[in-house]
Amino acid sequence: MYDYDLLVVGSANADLVIGVERRPGAGETVLGSDLAVHPGGKGANQAVAAARLGARTALLARVGDDAHGRLLLDSQREAGVDTVGVLVGGAPTGVALITVDPSGDNSIVVSPGANGMLTPQDVRAAGCLFQGSRVVSTQLEIPLETVVEVVRNLSPDSRFVLNPSPPLPLPREVLAACDPLIVNEHEAKVILGGPAVGDTPEDWARVLLAKGPRSVVVTLGSEGALVASAQGVRRVPSVKVSAMDTTGAGDAFTAALAVRLGAGESLPEAATYAARVGAVTVTRKGAQVSFPTAAEVAELRCADPGDDSGAAGRASDSDSASGERGGGS
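The paragraphs below set out a description of the structure included in this document. (Residues numbered from 1 in each chain as written. Predicted model: local features only at pLDDT ≥ 70, side-chain atom pairs only at ≥ 80, totals over all residues. Heavy atoms only, no water.)

## Side note on the overall build of the protein
Turning to step 1, where the next piece is worked out: Summing up its helical and strand segments, the protein has eleven helices and 15 strands in all.
Turning to step 2, where the next piece is worked out: Looking at the 329 residues of the protein, the share that counts as buried comes to 58%.
Turning to step 3, where the next piece is worked out: Put simply, of all contacts in the protein between residues at least 6 apart along the chain, 68% involve residues at least 24 apart. (Helix = DSSP H or I, 4+ residues; strand = E, 2+ residues; numbered from the N terminus. Buried < 20%, exposed > 50% of the residue type's maximum accessible area, 1.4 Å probe, protein only. Contact = heavy atoms within 4.5 Å.)

In C-alpha cells:
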C-alpha cells in the first residue's frame, strides 16, 4: 500500500505577475498592471494540481526562510499537500517574473534561488518518500544531477514522469526511466539534439522513444497531444476553450496525467483527462489558484456530452489546454 499517489520533486517559486498589452521588444519599456504575487514553480504547481484532483500528494522541494517561502508552504498545505519533504533555507526562495498579454499567453524568466540548492543528498535523505509513492514526477527547474538522483532512488514499482522544462540534453539513465517523457515541440528539439527529425510529431515521438523512454507524450497546442509507446502512436484531441491565462496549464496537464496513470489508466486515457484539466485551468487567472477539482473537471466533460473531446466554449482563437503554451511557473 502506497502512502502517496504522487511525489513531486521540483521547484517552488513566487510568481511575480504583470499584465501587459503586449510584451516589450529589445530595449523597450511598456507599462503593465499592478504587480500580483502568487505561489508557483513547476514542482509546487504540479503538487497543488494533483492534490486538488484528490490525489494523496507529497512535495520534495527547497524554499528560502522568507516571506515567499512561507507563502509557498501555506499554499501547499491549504491544497492538502504533505510538506514533510519541503526544506527551508540555504538561499532565497526562487522567483518567476511573468508577463501575461490579453490573449492569455505568457513569458517567464526564472531566478532559481533555493531551487538550485536542492541536492542529490536531499533526495537520498528522503528515501521514505520515494518508497511510499506510486508515481514520482519531476522537471528541470532543479539541478540535473538531482534529477539523476531521483531516478536512482525510485522504488522498483514506482512510475517516473518527467517534463524536461526548461529543456536540457538528458542522460541515457534518465531517459530510460521516463514513463512518460512529456515534451512540447521546442523541448523535443533540444532533447533530440537539434532540429526535430522528420516532419511530423509522430516522427519526433518515434525518435524520442528510440532514445530510451518507455513512453512519450508530445503536446501540440491547438492540435492537442500525441502519445507514443511500444503499443503504438495515437493522437489525443485538443480541448478548446476561451483562454484567459495559460500560466501553469502545462503543470496541471502533467500532474493530472501522472495521477491518472498511477490510478491504472492507459496513456491515451490519462492524456485525454489531463487535457480536460488543462482546459479548466486556462479559463482562470493565475497558476495554482486556477487548478480545478475533480468535480470541476467532470462539469467540463458534461458540458457537451455529444462531443467526445469534452470541449466547452469553443472559439476559433482558443488556446489548447495540453500545455504547449502554458508551461512555466
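## Details of the pattern of salt bridges
Turning to step 1, where the next piece is worked out: A full pass over the atoms with the stated rule returns 13 salt bridges.
Turning to step 2, where the next piece is worked out: Residue Lys-42 pairs with Asp-251 through a salt bridge whose shortest N-O separation is 2.7 Å. Pair noted here: Lys-42 is in helix α1 (residues 42-52) and Asp-251 is in helix α9 (residues 249-262), with a separation of 209 residues, a long-range link. The two residues Lys-42 and Asp-251 agree in class, both being buried.
Turning to step 3, where the next piece is worked out: The partner of Glu-173 in a salt bridge is Arg-152, with the nearest N and O atoms 2.9 Å apart. A residue pair is termed long-range when its members are at least 10 positions apart, and Glu-173 in helix α6 (residues 172-177) and Arg-152 in helix α5 (residues 144-152) qualify at 21 residues. (Salt bridge = Lys/Arg side-chain N within 4 Å of Asp/Glu carboxyl O.)

## Section: the sheet that holds strand β9 (residues 159-163)
Turning to step 1, where the next piece is worked out: Ordered in space as β5-β4-β1-β8-β9-β10-β11-β12-β13, the nine strands form an open sheet in which the pairing is mixed. Strands with a single pairing partner mark the edges of an open sheet, and in this sheet they are β5 (82-88) and β13 (232-236). Across the sheet, the axes of successive neighbouring strands diverge by a mean angle of 15°, strand direction being ignored.
Turning to step 2, where the next piece is worked out: As defined by bridge partners, β9 adjoins strand β10 (residues 178-183) across two bridges and the pair is classed as parallel. Residue pairing for β10: Leu-162 is matched across the bridge by Leu-181. (Pairing = 2+ DSSP bridges. Axes fitted to C-alpha atoms, helices over the stretch in contact; angles between N-to-C directions.)

## Some remarks on the nonpolar core
Turning to step 1, where the next piece is worked out: Counting residues in hydrophobic clusters, the biggest one holds 50 residues, and the most contacted among them are Leu-6, Leu-59, Val-217, Phe-253, Leu-257 and Val-277.
Turning to step 2, where the next piece is worked out: Among the elements of the structure, β1 (4-9), α1, β4 (57-63), α2 (67-79), β12 (225-229), α9, α10 (267-282) and α11 (294-303) are those that each provide at least two residues to this core.
Turning to step 3, where the next piece is worked out: Counting 39 residues, the second-largest nonpolar core is a separate cluster that includes Leu-118, Val-151, Ala-188 and Ile-191. (Core = buried A, V, L, I, M, F, W, Y, C linked by side-chain atoms within 4.5 Å.)

## Re the packing of aromatic side chains
Turning to step 1, where the next piece is worked out: Taken as a whole and judged by the stated rule, the model has zero aromatic pairs.
Turning to step 2, where the next piece is worked out: Over the aromatic face of Tyr-273 sits the side chain of Arg-260, whose NZ or CZ is 3.7 Å from the ring centroid. (Phe/Tyr/Trp six-rings, centres within 6.5 Å; stacked < 30°, edge-to-face > 60°. Lys NZ or Arg CZ within 6 Å of the ring centre and 35° of its normal.)

## Points about the sheet that holds strand β2 (residues 13-19)
Turning to step 1, where the next piece is worked out: If you walk across this open sheet you meet the four strands as β3-β2-β6-β7, and the pairing is mixed. At either end of the open sheet lies a strand with only one pairing partner, and these are β3 (36-40) and β7 (106-111). For this sheet, the mean angle separating the axes of adjacent strands, direction not counted, is 25°.
Turning to step 2, where the next piece is worked out: Taken together, the five bridges between β2 and β3 define a ladder with antiparallel strand orientation. Across the sheet, the residue bridging to Asn-13 is Gly-40, located in β3.
Turning to step 3, where the next piece is worked out: Seen against the sheet, α2 touches β2, β3 and β6 (94-100) and runs at an angle of roughly 55° to β3.

## Here we look at a nonpolar patch on the surface
Turning to step 1, where the next piece is worked out: Together, Ile-18, Leu-35 and Val-37 make up a nonpolar patch on the protein surface, roughly 240 Å² of accessible area in all.
Turning to step 2, where the next piece is worked out: Considering the arrangement of structural elements, one finds Val-37 in strand β3.
Turning to step 3, where the next piece is worked out: Residue classification places Val-37 among the partly exposed positions, given a relative accessible area of 40%. (Patch = residues over 30% accessible without salt bridge, like charges linked within 9 Å, V, L, I, M, F, W, Y side chains within 5 Å. Areas by Shrake-Rupley, 256 points an atom, 1.4 Å probe, with all protein chains shown as cover.)

## Comments concerning the environment of Val-81
Turning to step 1, where the next piece is worked out: Relative to the assigned elements, Val-81 resides in the loop between α2 and β5.
Turning to step 2, where the next piece is worked out: In this structure, the C-alpha to C-alpha distance between Val-81 and Ala-47, residues 34 residues apart in sequence, is 6.7 Å.

## Structural notes on the side chain of Glu-141
Turning to step 1, where the next piece is worked out: Of note, Glu-141 is situated in the loop between β8 (133-139) and α5.
Turning to step 2, where the next piece is worked out: A polar contact is formed between the side chain of Glu-141 and the side chain of Ser-11, at a distance of 2.4 Å.
Turning to step 3, where the next piece is worked out: At a separation of 3.2 Å, a polar atom in the side chain of Glu-141 contacts the main-chain amide nitrogen of Lys-42. (Polar contact = N/O pair within 3.5 Å; in protein donor to acceptor, adjacent residues only side chain to side chain.)

## What to know about the packing of α1 against α2
Turning to step 1, where the next piece is worked out: Taken N-terminus to C-terminus, the directions of α1 and α2 make an angle of 20°; their axes are 9 Å apart at the nearest point. Relative to α2, α1 is oriented roughly parallel. The two elements α1 and α2 cross, and the hand of that crossing is left-handed. In this structure, α1 uses Ala-44, Ala-47, Val-48 and Ala-51 to contact α2, whose residues at the interface are Leu-72, Ser-75, Gln-76 and Ala-79.
Turning to step 2, where the next piece is worked out: Across the contact of α1 with α2, the residue classes break down as six nonpolar, two polar and no charged. (Parallel < 35°, antiparallel > 145°, perpendicular 65-115°, else oblique. Left-handed = near helix turned anticlockwise from the far one by under 90°. Nonpolar A, V, L, I, M, F, W, Y, C, P; charged D, E, K, R; others polar.)

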